[in-house]
Amino acid sequence: ALKIVTIGGGSSYTPELIEGYIKRKDELPIKEIWLVDIEDGKEKLEIVGDMAKRMVKAAGLDWEVHLTLDRREALKDADFVSTQFRVGLLDARIKDERVPLSHGVLGQETNGAGGMFKAFRTIPVILDIINDMKELCPDAWLVNFTNPAGMVTEAAIKHGGWKKTAGLCNVPIGHKKQAAEKLGIDEDKLFFKFAGINHFHWHRVWDDEGNERTAELIDLIYGPKTEQESHLKNIFDASFHYEQIKDLGLLPCGYHRYYYIEDEMLAHSVEEFEKGETRAQVVKETEARLFELYKDPKLDYKPKELEQRGGTHYSDAACELIASIYNDKRTEMVVSTQNNGTITDLPYDCVVEVSGPVTAHGHEPYNWGNFPPAARGIIQLMKGMEETTIRAAITGDYGAALHAFTINPLVPGGKMAKTLLDELLIAHKEYLPQF
Ligand code: NAD
Ligand code: G6P
Ligand code: MN
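Worth saying up front: this structure is predicted, and the values here are computed from it rather than measured.

A. Region of interest: the coordination of the manganese ion (ligand 3). Summarising the metal site, the manganese ion (ligand 3) is bound by the protein donors Cys 169 (SG) and His 199 (NE2), whose distances to it range over 2.2 to 2.4 Å. Within this pair, whereas Cys 169 is found in the loop between strand 6 (165-167) and helix 7 (171-183), its partner His 199 is found in the loop between strand 7 (191-197) and strand 8 (200-206), the two being separated by 30 residues in sequence.

B. Up close: the confidence of the model for the protein. Summarising the model, the protein shows a mean pLDDT of 97, and 100% of its residues fall at 70 or more. Predicted complex, confidence summary: ipTM 0.99, pTM 0.98.

C. Main features of the environment of Arg 279. Relative to the helices and strands, Arg 279 resides in helix 12 (residues 279-294). In this structure, the C-alpha to C-alpha distance between Arg 279 and Asp 397, residues 118 residues apart in sequence, is 30 Å. The residues touching Arg 279, leaving out its near neighbours within four places in the chain, are Arg 93, Glu 97, Lys 233, Asn 234, Glu 272, Gln 308, Arg 309 and Gly 310. For Arg 279, the side chain forms a polar contact with the main-chain oxygen of Gln 308, separated by 3.1 Å.

D. Up close: the site of ligand 2. Neighbouring residues of ligand 2: 15 residues in total, closest Arg 93, Asn 147, Asn 170, Arg 279 and Gly 310. Contact between ligand 2 and Asn 147: an oxygen atom at 2.8 Å from a side-chain N or O atom of the residue. In this structure, an oxygen atom belonging to ligand 2 sits 2.7 Å away from a side-chain N or O atom of Arg 279. Expressed as a share of its isolated accessible area of 390 Å², the protein-covered part of ligand 2 is 93%. With respect to the detected pockets, ligand 2 is housed in the largest pocket. Of the residues that constitute the shell around ligand 2, the class distribution is five nonpolar, six polar and four charged.

E. Layout of the nonpolar core. Judged by nonpolar contacts, the single largest core of 98 residues is most densely connected at Val 5, Val 81, Phe 120, Met 133, Trp 202, Phe 371 and Phe 405. Per-element accounting of this core gives the leading share, 12 residues, to helix 5 (residues 112-136). In this structure, Phe 371 is in contact with Ala 195, Gly 196, Trp 202, Leu 250, Ile 343, Asp 345, Arg 376 and Ile 379, ignoring residues within four places of it in sequence. Val 56, Phe 80, Ala 323 and Ile 325 belong to the second largest nonpolar core, which has 44 residues in total.

F. Layout of empty space enclosed by the protein. This model, assessed by the stated rule, comprises two cavities of 30 Å³ or more. The space that makes up the largest cavity amounts to roughly 130 Å³. If you go around the largest cavity, you meet 17 residues; those closest to its centre are Thr 110, Met 151, Asn 198, Met 382 and Glu 386. Elements with a contribution of two residues or more to the lining of the largest cavity: helix 5, helix 6 (149-159) and helix 14 (373-395). The residue makeup of the lining of the largest cavity, split by class, is eight nonpolar, eight polar and one charged. Of the volumes computed, that of the second largest cavity is approximately 30 Å³. What lines the second largest cavity is His 175, Gln 178, Tyr 222, Glu 229, Ser 230, His 231, Gly 254 and Arg 257.

G. Region of the structure containing the packing of aromatic side chains. On inspection of all chains with the given rule, the structure shows 16 aromatic pairs. Between Phe 200 and Tyr 259 the ring centres are 4.9 Å apart and the planes differ by 85°, which places this aromatic pair in the edge-to-face class. Placement of the pair is Phe 200 in strand 8 and Tyr 259 in helix 10 (residues 257-260), with a sequence separation of 59 residues. One exposure class covers both Phe 200 and Tyr 259, and it is buried.

H. Unusual backbone geometry, seen in detail. Residue Asn 147 is joined to Pro 148 through a cis peptide bond whose omega torsion reads -10°. With a phi close to 50°, Leu 89 is a non-glycine residue in the positive phi region. Along the chain, Leu 89 falls in helix 4 (residues 89-102).

About the criteria used
- Residues numbered from 1 in each chain as written.
- Chains lettered and ligands numbered in written order.
- Predicted model: local features only at pLDDT ≥ 70, side-chain atom pairs only at ≥ 80, totals over all residues.
- Heavy atoms only, no water.
- Donors = N, O, S within 2.8 Å, 3.2 Å for Na, K, Ca; no water.
- Helix = DSSP H or I, 4+ residues; strand = E, 2+ residues; numbered from the N terminus.
- pLDDT = per-residue confidence, 0-100.
- Contact = heavy atoms within 4.5 Å.
- Polar contact = N/O pair within 3.5 Å; in protein donor to acceptor, adjacent residues only side chain to side chain.
- Near = heavy atom within 4 Å.
- Areas by Shrake-Rupley, 256 points an atom, 1.4 Å probe, with all protein chains shown as cover.
- 1 Å grid on protein atoms, 1.4 Å probe; cavity = no way out; pocket = protein on both sides within 12 Å on 5 of 7 lines; lining within 4 Å.
- Sits in = over half its atoms within 2 Å of the grid points.
- Nonpolar A, V, L, I, M, F, W, Y, C, P; charged D, E, K, R; others polar.
- Core = buried A, V, L, I, M, F, W, Y, C linked by side-chain atoms within 4.5 Å.
- Buried < 20%, exposed > 50% of the residue type's maximum accessible area, 1.4 Å probe, protein only.
- Points joined across faces, edges and corners; volume = space filled by probe spheres on them.
- Phe/Tyr/Trp six-rings, centres within 6.5 Å; stacked < 30°, edge-to-face > 60°.

Structure below.
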């Protein structure tokens, strides 16, 4: 019987997870689900936790759903630990977005200055969780959703030494659906290969007759006659330049917009900033509405309104990964995992986001090889930036933090890098004991 723990259980995404477990009730012999949160999230935990209990009951299952602020009690003898916490909650995200934007610099929760600060706040906590796991559940799998998911996963595997970690994101799922729809071919008849790092990966697509369909998809999705859509609630639908994507020869991910067409994304974000409607501010209102719904004692299913969050299909990733490990299903998935030579352009021991089957012993990525020079240059820069950010998050070294800021493509170097870093260090002081 399984004991599954979710850290950050008070998240409005929890019904996604519960729905995913219920769908897989025949493959997962769950006995206990533990939702863990902290004092600041207590009220949310109780509301969404009661809703989770109703969902389980409505499905006719006898799973125990425990709500607790005691992480250690929850972790004892756990089989799977999933993480979806946000240090400082949405108020901290508002700062991640608004402080850079107040200087005319891109502010985003997983990219640029905001993303680096989310890493600074989160990495010490994930390493603490791993210390507890070493003592309380040494054989458990860690399934990380906490953003920036790539850096948090790399910190867990490389620095925490927790090899049984899988990092997940819903973005690849959306791209698979998009390709199937555009080609008019069932998703399971297509073969996908993704490679890169979290929120910065590319992919290629083949059909079941062995023909590569990538170039055709580039035309269908980004061609001059197409109205481009990001397919993500949180990403503005600005259009990539078709000629550049065609030259690249790989399908980009939605988040590449922040890099390939940075000025347009920035202009849009500045407009939102001026109206007081940055994504974090909008999400805060969505979250409030969701929790009002969750309070309804009659609601015992995931409400449609949750689709207004960027993380839809989230449970297809988390719950399927758990089912695939537990049953050695070998479901093909895109996972943040240790490179081990999969991408020859990146360090052997770093974490990359790549395709491959999920086995009982974890993810077995397909070989990707190398990137064309135009993609190789920027992915190497991005990985170096991530490694420097992680080092700063662990050591609290100001020079390392400034260096990460300086080389991040979304932060202008020089005085601006330092001004932003200093302001954000003050804004997030209470969550940054290492600095
Ligand atoms: P949220 O602000 O609701 O935070 C979730 C919960 O974490 C809150 O209830 C909060 O109290 C709790 N928390 C904060 N610090 C904690 C700690 N130290 N220990 C335990 N719990 C703690 O966040 P959200 O918007 O629901 O998102 C949750 C997380 O999942 C974020 O990190 C977000 O970036 C991530 N996310 C990732 C993906 C993905 O594709 N990987 C998709 C959606 C969300
Ligand atoms: C996408 C990303 C997630 C991110 C989310 C933000 O789904 O994959 O990593 O957390 O969007 O959505 P939100 O509704 O919080 O803006
Ligand atoms: Mn993601």
